[in-house]
Amino acid sequence: SQTIHQWPATLVQPVGSPLSLECTVEGTSNPNLYWYRQAAGRGLQLLFYSVGIGQISSEVPQNLSASRPQDRQFILSSKKLLLSDSGFYLCAWNPGDYEQYFGPGTRLTVT
Amino acid sequence: QQQVKQSPQSLIVQKGGISIINCAYENTAFDYFPWYQQFPGKGPALLIAIRPDVSEKKEGRFTISFNKSAKQFSLHIMDSQPGDSATYFCAACTGAGSYQLTFGKGTKLSVIP
């Protein structure tokens, strides 16, 4: 069966520090991968998606970037965090059809 | 064009009652409509989904009703339980390209004993 992992689960970082969040999917090949951000009590904002290795599409211009160095690995990065980057970051995948599955999330607090 | 409008923002239901959450969309190219359930601190979980070729889908206590002409769909939770207390998101998707989901803003459901 397929499993999606995210780490770390929680992270507290100072303003101006770099960021790297990792997402991996097991048990499938060539998934579509997605990064979302969820502000406290708010909806889901799609940040990036990828349909293959090295293929990244950005939905919202911002302080973040994404990379997909391997088929089942998706990384969210920032060179310098802002206070407004705080939130709950969710990775999701689908097997190339409609059903999309979310990971457990990373809670990021920028201080 | 890409928006999905969800209501109400919050909902309080007595245990055993029926919870109803509504969503409306504009883009007629949407052809897949899922509902997600999210507990605090957890990722959303796919609850139930429907395609526009049927008007209703039922899984246990959860039912999606779909009205293609009105471009509306709703989630009904029968015999609501305190364990159903969560935030529910509707979404819509087209089959083109990356299967991106367009989400509603969510409904926080509280089921009180």
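All values reported here derive from a predicted model rather than from experimental measurement. Here the residue numbering is sequential within each chain, running from 1 through the sequence in written order. Ligands are numbered from 1 and chains lettered from A, in the order in which they are written. Residues qualify for local features only when their pLDDT is at least 70, as the model is predicted, and side-chain atom pairs are given and counted only at 80 or more; totals for whole chains, interfaces and linings, by contrast, use all residues. For side-chain calculations, the full set of non-hydrogen atoms in the structure is used, while hydrogens and water are omitted.

J.: Which residues make up the overall build of chain A, and what values go with them?
T.: Broken down by element type, chain A carries zero helices and 11 strands. Only the C-alpha atoms count toward the radius of gyration. The rule for a globule is 2.2 Å times the residue count to the power 0.38. Taking 111 residues into account, the globule formula puts the C-alpha radius of gyration at 13 Å, and chain A, at 13 Å, falls close to it. For chain A, the spread of C-alpha atoms along the three principal axes comes to 35 × 25 × 20 Å. A burial count over chain A gives 47% of its 111 residues as buried. Secondary structure elements follow DSSP: runs of H or I no shorter than four residues count as helices, runs of E no shorter than two count as strands, and numbering proceeds from the N terminus. Only protein chains enter the calculation, and the probe is 1.4 Å; a residue is then buried if its accessible area is under 20% of its type maximum, exposed if over 50%, and partly exposed in between.

J.: Summarise the state of the cysteines; cite the residues concerned and give the values.
T.: All names here are of chain A. Only a pair of cysteine sulfur atoms within 2.5 Å qualifies as a disulfide here. Across all of its chains, the model carries two disulfides over all chains by this definition. Bridging C23 to C91, the disulfide has an S-S length of 2.0 Å. The disulfide joining C23 to C91 has a torsion of about -75° about its S-S bond and is therefore left-handed. With C23 in strand β3 (residues 19-26) and C91 in strand β9 (residues 87-94), the pair connects residues that are 68 residues apart, well separated along the chain.

J.: Please provide a residue-by-residue account of the interface of chain B and chain A, values included.
T.: It is common to give the size of an interface as the accessible area that goes away when the parts come together. Facing the 20 residues of chain B at the interface are 24 residues of chain A. Summed over both sides, the interface between chain B and chain A buries roughly 1,600 Å², with carbon and sulfur atoms accounting for 60% of that surface. Each salt bridge in this description consists of a side-chain nitrogen of Lys or Arg and a carboxyl oxygen of Asp or Glu lying within 4 Å of one another. Applying the counting rule to chain B against chain A returns zero salt bridges. In the analysis that follows, any N or O atom pair within 3.5 Å is treated as a polar contact, provided that within protein one partner can donate a hydrogen and the other can accept it, and provided that, for residues neighboring in sequence, both atoms belong to side chains. Inspection of the region where chain B meets chain A yields six residue pairs in polar contact (both at pLDDT 80 or more). Looking at the side of chain B that touches chain A, the elements with two or more residues in it are β4 (33-38), β9 (86-93) and β10 (101-103) of chain B. Each residue gets one of three labels, nonpolar for Ala, Val, Leu, Ile, Met, Phe, Trp, Tyr, Cys and Pro, charged for Asp, Glu, Lys and Arg, and polar for the others, Gly among them. Among the residues making up the side of chain B that touches chain A, the classes are represented as nine nonpolar, seven polar and four charged. Contacts: residue pairs with any heavy atoms within 4.5 Å of one another. Note: buried area is the sum, over both parts, of the accessible area (probe 1.4 Å) each one loses when the two are combined.

J.: Tell me about the pairing of strand β5 (residues 45-52) of chain A, and name the residues and values.
T.: Residues and elements named next belong to chain A. Counted residue by residue, β5 has six buried out of eight residues, so it is predominantly covered. For two strands to be treated as a pair, DSSP must find at least two bridges joining them. Of the pairings in the sheet, the one linking strand β4 (residues 32-38) to β5 comprises five bridges and is antiparallel in character. The residue of β5 that forms the bridge with W35 is F48. Once β4 ends, the chain turns through six residues before running back antiparallel as β5, passing G41 with a positive phi of about 70°.

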